[in-house]
Amino acid sequence: MKTEDQVVDPTRLEGKWKAVAVCWILGLGSLMAWNSTLTISDYYYQVFPKYHPSRVLTLMYQPFAVGTMAILAYNESRIDTRWRNIAGYCLFFFSSLMAVVLDVATHGKGSIGAYLGLCIVSAAYGVADAHVQGGMVGDLAFMLPEFMQSFFAGLAASGALTSGLRLITKAAFDKTHDGLRKGALLFLAISTLFEFACIFVYAYYFPKLPIVKYFRKKAASEGSKTVSNDLAAAGIHQVTDVQTHDRLTLKQLIVQNWDYLLDLYLIYVLTLSIFPGFLYENTGVHGLGSWYAVVLVAMYNVWDLIARYTPLIDCLRIEKRAVLTILILARILLIPAFYFTAKYAAQGWMIMLVSFLGLTNGHLTVCAMTAAPKGFKGPDQNALGNLLVLFLLGGIFSGVALDWLWIIGNGSF
């Protein structure tokens with residue numbers, strides 16, 4: 001006989017829209033620190049003009065993100081999700097604080113020591129990202145698809161919000177002495193405070209929402225052991241009627257979902273081979289001057305954010321696996337499009353192309369992430385969520401490495 005929790009319609013439980021909002025905030029927090037670093041690249045290019053900061057810092061970030069994520073994905077069934085996510089947000093906070101302290105301590109001087117310190121901060125961001133993004137996606141994979149969509153909308157919002165704040169701080173301090181540095185420091189300080197807030201939102205508010213408790217209790221009843229501390233934080237110390245079923249191995253999950261995993265890998269290989277390095281170093285000189293790269297990054301982030309919501313429209317949501325893969329493969333045509341636009345076209349065409357890059361990136365990501373976990377039990381959904389993030393980060397790492405091909409013949413390191 002089914003228990004009361006099992007017959008309740010989860011969409012009618014209290015806290016659905018609060019949970020959606022919290023997922024958005026936590027998604028924002030899981031990339032805000034790193035996006036802040038990317039968005040103030042114009043400042044770092046002034047301080048470290050010979051070191052290709054947008055490319056090098058990204059290259060420092062990604063190996064640690066992918067390596068940590070691989071370890072966590074392999075051991076996901078033995079790692080408690082609550083402490084994994086809290087550790088990740090704490091690391092984001094301390095790393096952001098260290099970036100501020102580093103700049104203040106060196107007075108914004110471009111020494112090699114300061115640059116190495118900044119590289120260490122970027123590597124710490126990568127470790128934190130693997131903890132948070134993999135942990136949150138695994139956790140949300142056995143909840144409502146709207147929660148996953150909202151979390152990924154928050155990820156995109158971190159880019160759009162940081163770009164918007166960067167435009168404001170750049171304009172506010174543009175004519176002042178040392179204005180670029182003041183704007184960058186204010187920017188990093190805001191990011192640090194927000195990461196601190198995320199620790200408490202995740203640890204104390206999110207677990208107590210009724211709909212979140214329902215799904216975590218349901219996952220525990222299906223054999224998931226990763227939610228025990230989150231349930232304890234919500235006042236649930238024991239789950240009855242635990243069902244046992246044979247869990248799929250990681251190999252079986254990969255075989256059954258190879259197309260979704262490949263889709264996410266290819267989306268981010270393409271995107272990161274262009275964004276942000278190409279936009280900062282290979283788009284030439286135009287009428288917008290130093291604002292040009294900042295505007296391009298802002299346009300990408302805004303359209304990426306908008307596209308995270310388009311799958312909520314039924315007629316735009318892509319659910320057929322073959323169609324999704326074909327559309328993702330077609331994005332390869334953006335590579336020659338960017339090359340010839342940068343070489344021959346005016347800045348308006350580049351802005352339009354960057355907007356399309358963000359639009360396709362956001363829409364296809366949400367379609368793949370929300371469709372993949374359907375039909376699996378809680379423990380398998382958690383494992384699959386970690387695998388999806390692993391291949392996503394692997395795509396980012398590959399794209400960052402390929403991004404260096406744009407500067408072959410255009411200068412030296």
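Predicted model, so just to flag it, every value in this text is computed and none were measured.

Conventions used here
Residues numbered from 1 in each chain as written. Predicted model: local features only at pLDDT ≥ 70, side-chain atom pairs only at ≥ 80, totals over all residues. Heavy atoms only, no water. Helix = DSSP H or I, 4+ residues; strand = E, 2+ residues; numbered from the N terminus. Buried < 20%, exposed > 50% of the residue type's maximum accessible area, 1.4 Å probe, protein only. Contact = heavy atoms within 4.5 Å. Areas by Shrake-Rupley, 256 points an atom, 1.4 Å probe, with all protein chains shown as cover. pLDDT = per-residue confidence, 0-100. Lys, Arg positive; Asp, Glu negative; His and termini not counted. Salt bridge = Lys/Arg side-chain N within 4 Å of Asp/Glu carboxyl O. Patch = residues over 30% accessible without salt bridge, like charges linked within 9 Å, V, L, I, M, F, W, Y side chains within 5 Å. Core = buried A, V, L, I, M, F, W, Y, C linked by side-chain atoms within 4.5 Å. Phe/Tyr/Trp six-rings, centres within 6.5 Å; stacked < 30°, edge-to-face > 60°. Lys NZ or Arg CZ within 6 Å of the ring centre and 35° of its normal. Expected span 1.5 Å × (residues − 1). Axes fitted to C-alpha atoms, helices over the stretch in contact; angles between N-to-C directions. Parallel < 35°, antiparallel > 145°, perpendicular 65-115°, else oblique. Left-handed = near helix turned anticlockwise from the far one by under 90°. Nonpolar A, V, L, I, M, F, W, Y, C, P; charged D, E, K, R; others polar.

Asker: Help me out: how do you make sense of the overall build of the protein chain in this one?
Answerer: Looking only at helices and strands, the protein chain features 18 helices and zero strands. Considering the protein chain as a whole, with its 413 residues, one finds that 57% of them fall into the buried category. Partitioning the intrachain contacts of the protein chain with sequence separation of at least 6 by distance along the chain shows that 83% fall at a separation of at least 24. In the structure as shown, the protein chain presents an accessible area of about 17,600 Å², 68% of it carried by carbon and sulfur atoms.

Asker: Is there a simple way to explain the confidence of the model for the protein chain in this structure?
Answerer: Atomic detail in the predicted coordinates should be set aside for any region of low pLDDT. For the protein chain, mean pLDDT is 84; residues scoring 70 or higher make up 88% of the total. The lowest-confidence element of the protein chain is helix H1 (residues 4–7), averaging 44 in pLDDT; the highest-confidence one is helix H15 (residues 321–330), averaging 95. Taken as a whole, residues 1–7 scores under 50 in pLDDT and shows six contacts with residues more than four places along the chain or in a different chain.

Asker: I'm lost on the environment of Leu-155 in this one. Help?
Answerer: Looking at where Leu-155 falls in the secondary structure, it is placed in helix H7 (residues 145–172). A C-alpha to C-alpha distance of 7.7 Å links Leu-155 and Trp-24, two positions 131 residues apart in sequence.

Asker: It is not clear to me how the side chain of Glu-195 should be interpreted in this structure. Could you clarify?
Answerer: Mapped onto the fold, Glu-195 is located in helix H8 (residues 179–205). One buried charge, Glu-195, has no salt-bridge partner; the nearest side chain with opposite charge is Arg-84, at 15 Å. Every residue in contact with Glu-195, bar those within four places of it in the chain, is listed here: Gly-29, Met-32, Ala-33, Tyr-89, Phe-92, Phe-93 and Ser-96.

Asker: What is the right way to read a nonpolar patch on the surface from this model?
Answerer: Side chains of Phe-94, Leu-97, Met-98 and Val-101 sit close together on the surface and give an oily, nonpolar patch of about 370 Å² of accessible area. With respect to the helices and strands, Val-101 occurs in helix H5 (residues 81–106).

Asker: Just checking my understanding: could you explain the nonpolar core for this structure?
Answerer: Nonpolar side chains in soluble globular proteins generally cluster together in the buried interior. Of all hydrophobic cores here, the largest spans 97 residues; its most connected members are Leu-26, Tyr-89, Phe-147, Phe-151, Phe-152 and Phe-206. Residue contributions to this core peak at 12 residues, all from helix H6 (residues 112–140). Among all residues touching Tyr-89, those that are not within four sequence positions of it are Leu-26, Gly-29, Ser-30, Val-132, Met-136, Glu-195, Cys-198, Ile-199 and Tyr-202. Core analysis: the second largest hydrophobic core is formed by 17 residues, Leu-270, Ile-274, Ile-351 and Trp-406 among them.

Asker: Would you explain the packing of aromatic side chains in this entry?
Answerer: To describe a pair of aromatic rings, one takes the distance between the centres and the angle between the planes. Under the counting rule described, the total for this entry stands at 14 aromatic pairs. Relative to Tyr-61, the ring of Trp-34 has its centre 4.1 Å away and its plane inclined at 15 degrees; by these criteria the two rings are stacked. With Trp-34 in helix H2 (residues 16–39) and Tyr-61 in helix H4 (residues 53–74), this pair connects stretches of sequence that are 27 residues apart. Residue classification places Tyr-61 among the buried positions, given a relative accessible area of 2%. Taken together, Phe-93, Phe-94, Phe-196, Phe-200 and Tyr-204 form an aromatic cluster joined through their ring pairs. Across the ring face of Trp-83, the terminal group of Arg-82 is positioned such that the distance to the ring centre comes to 5.7 Å.

Asker: Even after reading the chapter, I still don't get helix H18 (residues 378–403), so can you show me in this structure?
Answerer: Helical periodicity: at 3.6 residues per turn, an α-helix aligns residues three or four positions apart in one direction. End to end, H18 covers 37 Å across 26 residues, agreeing with the expected 38 Å (1.5 Å per residue, within 8%). The buried count for H18 comes to 21 of 26 residues, which makes it a mostly enclosed element.

Asker: How do you make sense of the environment of Arg-216 when you look at a structure like this?
Answerer: Examined against the element boundaries, Arg-216 turns out to sit in helix H9 (residues 210–221). Residue contacts for Arg-216: discarding those within four places in its chain leaves Asp-139, Phe-142, Met-143, Tyr-202, Phe-206, Pro-207, Val-227, Asp-230 and Leu-231.

Asker: Would you mind going over the pattern of salt bridges with me for this structure?
Answerer: Proximity of charged atoms lets side chains of opposite charge pair with each other. A complete count under the given rule lists seven salt bridges for this structure. In this structure, the salt-bridge partner of Arg-321 is Asp-259, at a minimum N-O distance of 2.7 Å. Here Arg-321, found in helix H15, pairs with Asp-259, found in helix H12 (residues 258–272); they are 62 residues apart in sequence, far enough to count as distant. Classification of Arg-321 as partly exposed rests on a relative accessible area of 35%. A residue is classified by how much of its surface remains accessible, and Asp-259, at 9% relative accessible area, is buried. Overlapping salt bridges, with partners in common, bring together Asp-314, Arg-317 and Glu-319 in one network.

Asker: Hey, could you run me through the packing of H6 against H7 in this one?
Answerer: The description of two packed helices rests on the angle between their axes and on the distance between the axes. Orientation of H6 relative to H7, taken along the N-to-C sense of each, is 155 degrees, at an axis distance of 9 Å. Classified by the interaxial angle, the pair formed by H6 and H7 is roughly antiparallel. Relative to H7, the crossing made by H6 is right-handed. Listed contacts from H7 to Gln-133, Met-136, Val-137 and Leu-140 of H6 are Phe-147, Met-148, Phe-151, Phe-152 and Leu-155. Taken together, the residues of the contact of H6 with H7 sort by class into eight nonpolar, one polar and no charged.

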